[in-house]
Amino acid sequence: MTETDTLIQIQQPLPLAFINGEALLEKPEDLYIPPDALEVILDAFEGPLDLLLYLIRKQKFEIVDLPVYQITRQYMEYVELMKDIKLELAGEYLLMAAILAEIKSRLLLPRHSEDEDDEIDPRAELIRRLREYEAVKQAAEELDLLPREERDLFVANAQTHESCQPAKILPEIALQELVFAMQTAMRRASAFEHHHIAAEVLSTRERMSAILEQISHTEFCRFQQFFSHEEGKAGVVVTFLAILELVKESLIELVQAEPFADIHVKMAG
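Residues numbered from 1 in each chain as written. Predicted model: local features only at pLDDT ≥ 70, side-chain atom pairs only at ≥ 80, totals over all residues. Heavy atoms only, no water.

1. Re the sheet that holds strand β4 (residues 252-256)
Quick note on the threshold: Strands pair, by our definition, only if DSSP identifies at least two bridges between them. Helical segments are the DSSP runs of H or I of at least four residues, strand segments are the runs of E of at least two, and each set is numbered from the N terminus.
Read from one edge to the other, the open sheet built from 3 strands follows the order β3-β5-β4, with strand pairing classed as antiparallel. What marks the edges here is a single partner per strand, and that holds for β3 (221-222) and β4. Relative to strand β5 (residues 263-267), β4 runs antiparallel, the two sharing 5 bridges. If you follow L254 over to β5, its bridge partner there is V265.

See below:
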């Protein structure tokens, strides 16, 4: 056997721990571990009712048919374990153990046949508490499954630079919007309509020129200001046709700041 084979057969000592990435092979001689340094806390159950409910579900028992003997025996095994590990945690569990012992002793007492129907089941109060706790526990579990802020959802916070301005997207003006605006002008014109003996001659071309004189490249004009109530419905129709012609020839632009807002007109380009 070679020296290399001898080194391979020798098992390397396992480190006791790793401190700051370095393996600790031997226990320090001056190491002192206080008695309370190691604590084992059984937090699987939130109280004696939670433990009882767990035992009932584990054995697939029905709460209304609570088997006191089996539940008490398993319950006391858990309480004894808690007493050995952490005595102060077993106070409320010992109280429930006393209640179970009392119920068990009352069930073992002989009953008179004439009083069997009138006697209250000693398990009734405990069963009521268990059913209430089960309902609350189930509701708490369902609430815990709901999305929770800072656990499942996180609010995003972002700050923009002062020079950064949001791009404003203006809505496109459809023909239906113009029709609605014309209907509004027609209703307002009908309120000021008068009976005229002589027919008025209105020219679409002249109205187009008049509209172009009122608008500019920089300032916006309200769509409604081009309609004159004194001209009646005929004037509204001529003005509306003139605006359509100007839009068709790309001489003017129609702008709407937001949906369903007033329509404004300015010179194209």
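2. Considering the layout of surface pockets
Defined as follows: Only protein atoms enter the 1 Å grid used here. Points where a 1.4 Å probe fits but cannot escape make up a cavity, open sets with protein on both sides within 12 Å along at least five of seven lines make up a pocket, and a residue lines them when an atom lies within 4 Å of a point. Grid points are joined across faces, edges and corners, and a volume is the space filled by probe spheres set on the points.
Taken as a whole, the largest pocket spans an internal volume of roughly 200 Å³. Lining the largest pocket are E177, F180, A181, T184, R222, F223, Q224, Q256, F260, A261, D262 and I263. With 4 residues, helix α6 (residues 175-191) is the single largest residue contributor to the lining of the largest pocket.

3. What about the packing of helix α7 (residues 204-214) against helix α8 (residues 232-248)?
Our working definition: Every angle, taken between N-to-C directions, lies between 0 and 180 degrees, and every axis is a line fitted to C-alpha atoms, over only the stretch in contact when it is a helix. Our angle categories are set so that under 35 degrees counts as roughly parallel, over 145 as roughly antiparallel, 65 to 115 as roughly perpendicular, and the remainder as oblique. Two helices cross in a left-handed way if the nearer one is turned anticlockwise from the farther one by less than a right angle. They cross in a right-handed way if the turn is clockwise. Contacts: residue pairs with any heavy atoms within 4.5 Å of one another. Under this grouping Gly is polar, as are all residues other than the nonpolar Ala, Val, Leu, Ile, Met, Phe, Trp, Tyr, Cys and Pro and the charged Asp, Glu, Lys and Arg.
Their axes nearest at 8 Å, the elements α7 and α8 cross at an angle of 70 degrees. One finds that α7 runs roughly perpendicular with respect to α8. The element α7 and its partner α8 pack so that their crossing is right-handed. Contact residues: α7 offers T204, R207, M208, I211 and L212, while α8 offers G235, V238, T239, L241, A242, I243, E245 and L246. Here the contact of α7 with α8 is composed, by residue class, of 8 nonpolar, 3 polar and 2 charged.

4. Overview of the pattern of salt bridges
So the rule is basically this: A side-chain nitrogen of Lys or Arg and a carboxyl oxygen of Asp or Glu constitute a salt bridge if their distance falls within 4 Å. Exposure categories follow from relative accessible area, calculated using a 1.4 Å probe and restricted to protein chains: below 20% of the type maximum is buried, above 50% is exposed, and the middle band is partly exposed.
Under the defined criterion, the tally for this structure stands at 10 salt bridges. As a salt-bridge pair, E77 and R73 come within 3.8 Å of each other at their nearest N and O atoms. Taken together, the residues E77 and R73, both in helix α3 (residues 68-85) and 4 residues apart, mark about one turn of the helix. Two residues, R151 and D144, come together in a salt bridge whose shortest N-O distance is 3.1 Å. Residue R151 is classed as partly exposed on the basis of its relative accessible area, which comes to 33%. Three or more residues joined by partner-sharing salt bridges are found here, namely D144, R148, R151 and D152.

5. A few points about the packing of helix α2 (residues 48-58) against helix α5 (residues 124-145)
Across the interface, α2 lies against α5 with an axial gap of 10 Å and an inter-helix angle of 90 degrees. The angle between α2 and α5 falls in the class roughly perpendicular. Across the interface between the two elements, L49, D50, L52, L53, I56 and R57 of α2 pack against L126, R129, L130, Y133, E134 and K137 of α5. Across the contact of α2 with α5, the residue classes break down as 7 nonpolar, no polar and 5 charged.

6. Looking at the confidence of the model for the protein chain
Cut-off, in case you're wondering: Along the chain, pLDDT gives the predictor's confidence residue by residue, from 0 to 100.
With 80% of its residues at a pLDDT of at least 70, the protein chain reaches an overall mean of 76. No element of the protein chain has a lower mean pLDDT than helix α1 (residues 3-9), which averages 53, and none a higher one than α5, which averages 87.

7. Structural notes on the side chain of T239
For the record, the criterion: N or O atoms closer than or at 3.5 Å make up a polar contact, with two conditions inside protein: a donor-capable atom paired with an acceptor-capable one, and, for residues adjacent in sequence, both atoms drawn from side chains.
Its place among the elements puts T239 in helix α8. By relative accessible area, which is 0% here, T239 ends up buried. For T239, the side chain forms a polar contact with the side chain of R207, separated by 2.5 Å. A polar contact of 2.8 Å, which involves the side chain of T239, links it to the backbone oxygen of G235. The contact partners of T239, leaving out residues within four places of it in the chain, are R207, I211, F226, F227 and E231.

8. Describing α2
Counting buried residues along α2, 8 of its 11 residues qualify, which places the element largely inside the surrounding structure. Taken residue by residue, α2 has P48, L49, D50, L51, L52, L53, L55 and I56 as its buried positions. Once α2 ends, the next one or two residues include K60, with phi positive near 60 degrees.

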